[in-house]
Amino acid sequence: AQKVTQAQTEISVVEKEDVTLDCVYETRDTTYYLFWYKQPPSGELVFLIRRNSFDEQNEISGRYSWNFQKSTSSFNFTITASQVVDSAVYFCALRNTGNQFYFGTGTSLTVIP
Amino acid sequence: GAGVSQTPSNKVTEKGKYVELRCDPISGHTALYWYRQSLGQGPEFLIYFQGTGAADDSGLPNDRFFAVRPEGSVSTLKIQRTERGDSAVYLCASSLIFSGANVLTFGAGSRLTVL
């Protein structure tokens, strides 16, 4: 069975603070892909990053960074020096070899100015 | 088109009515997905097309839900005898499945309200 858990339902931070969004996944597949999507108040899901199961290198893109650890089945997302524009709902997702995408329930991030 | 287009953006209907939601994917994208998102929840998989055929329809909740993609491009999600529990945002996404990337690009969604 495939499952994605985002235990943090809502997070509030003050602008310029760092924040980490947690994602834990379950799969029996050895080949899979992990994703993060952002859903701003406008509602359209926006792709942020994709990682495959064989690449555990952490990735940094500007203020965003991702930490993938197969040993703990986690794919956490950190925003450094948060900004008000980062306020959104963030979804972690898993794609299996059957090309189905499984989404977590999302973490709602509010950045307070 | 430049992005995934969904119409209507909002649909209000009465319980028991029939509804059609349309999705126009990115040109050339062979894979098309339908998801349903209820308030405070993540997208829930409904059905996935590769070309014209449904490769996986295991997420359709019951036989009131049906989707087609007759020419491998535009898709229509059809809901018969709507119920209040069908109220949600219906999301469509497309991807270039054979590119290796298979990243979903989502439309803005169709918000369905069943009164």
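Not measured: the values here are computed from a predicted model. Along each chain, the written sequence defines residue order, and numbers are assigned to residues from 1. Just so you know, chain letters begin at A and ligand numbers begin at 1, following the order they were written in. Predicted model: local features are reported for residues with pLDDT of at least 70 only, side-chain atom pairs are reported and counted for 80 or more only, and whole-chain, interface and lining totals are derived from all residues. Hydrogens and waters are ignored; side-chain quantities use all the structure's heavy atoms.

**Notes on the state of the cysteines**
Phase 1: When two cysteine sulfur atoms are found within 2.5 Å, that pair is recorded as a disulfide. If you walk through the whole model with that rule in mind, you get two disulfides over all chains.
Phase 2: There is a disulfide in this structure between Cys23 of chain A and Cys92 of chain A, and the S-S distance comes to 1.9 Å. Disulfide Cys23 of chain A-Cys92 of chain A: the torsion about the S-S bond is -65°, which places it as left-handed. Of this pair, Cys23 of chain A sits in the loop between strand E3 (19-21) and strand E4 (24-26) while Cys92 of chain A sits in strand E10 (residues 88-95), and the two are 69 residues apart along the sequence.
Phase 3: Between the sulfur atoms of Cys23 of chain B and its disulfide partner Cys92 of chain B the distance amounts to 1.9 Å. Strands are runs of DSSP state E lasting at least two residues, helices are runs of H or I lasting at least four, and both sets are numbered from the N terminus onward.

**A look at the interface of chain A and chain B**
Phase 1: Contacts between residues were defined by any pair of non-hydrogen atoms, one from each residue, lying within 4.5 Å. Opposite the 17 residues of chain A that make contact, chain B presents 21 residues.
Phase 2: Summed over both partners, the accessible area lost on bringing two parts together, with a 1.4 Å probe, is the buried area. Sorting the residues of chain A by area buried against chain B places Asn99, Gln100 and Phe101 of chain A first, and these three jointly supply 32% of that buried surface.
Phase 3: By the criterion applied in these results, polar contacts are pairs of N or O atoms within 3.5 Å in which, for protein atoms, one can donate a hydrogen and the other can accept it, and in which residues neighboring in sequence qualify only through two side-chain atoms. Inspection of the chain A/chain B interface yields four residue pairs in polar contact (both at pLDDT 80 or more).
Phase 4: When residues are sorted by character, Ala, Val, Leu, Ile, Met, Phe, Trp, Tyr, Cys and Pro go into the nonpolar class, Asp, Glu, Lys and Arg into the charged class, and all the rest, Gly among them, into the polar class. Residue composition of the side of chain A that touches chain B, grouped by class: eight nonpolar, six polar and three charged.

**Comments concerning unusual backbone geometry**
Phase 1: Look at the link from Thr7 of chain B to Pro8 of chain B: it is a cis peptide, with omega at -10°.
Phase 2: Assignment of secondary structure puts Pro8 of chain B in the loop between strand E1 (5-7) and strand E2 (10-13).
Phase 3: Located in the positive-phi region is Lys16 of chain A, a residue other than glycine, with phi close to 85°.
Phase 4: Relative to the assigned elements, Lys16 of chain A resides in the loop between strand E2 (10-14) and E3.
Phase 5: Exposure classes here rest on a 1.4 Å probe applied to the protein chains alone. A residue is buried below 20% of its type maximum, exposed above 50%, and partly exposed in between. With relative accessibility at 68%, the residue Lys16 of chain A sits in the exposed group.
Phase 6: Of note in this structure, Ala81 of chain A is not a glycine but carries a positive phi near 50°.
Phase 7: Note that Ala81 of chain A resides in the loop between strand E9 (74-79) and E10.
Phase 8: The exposure class of Ala81 of chain A is partly exposed, given its relative accessible area of 31%.

Everything listed here is a matter of geometry and, on its own, says nothing about what the molecule does.
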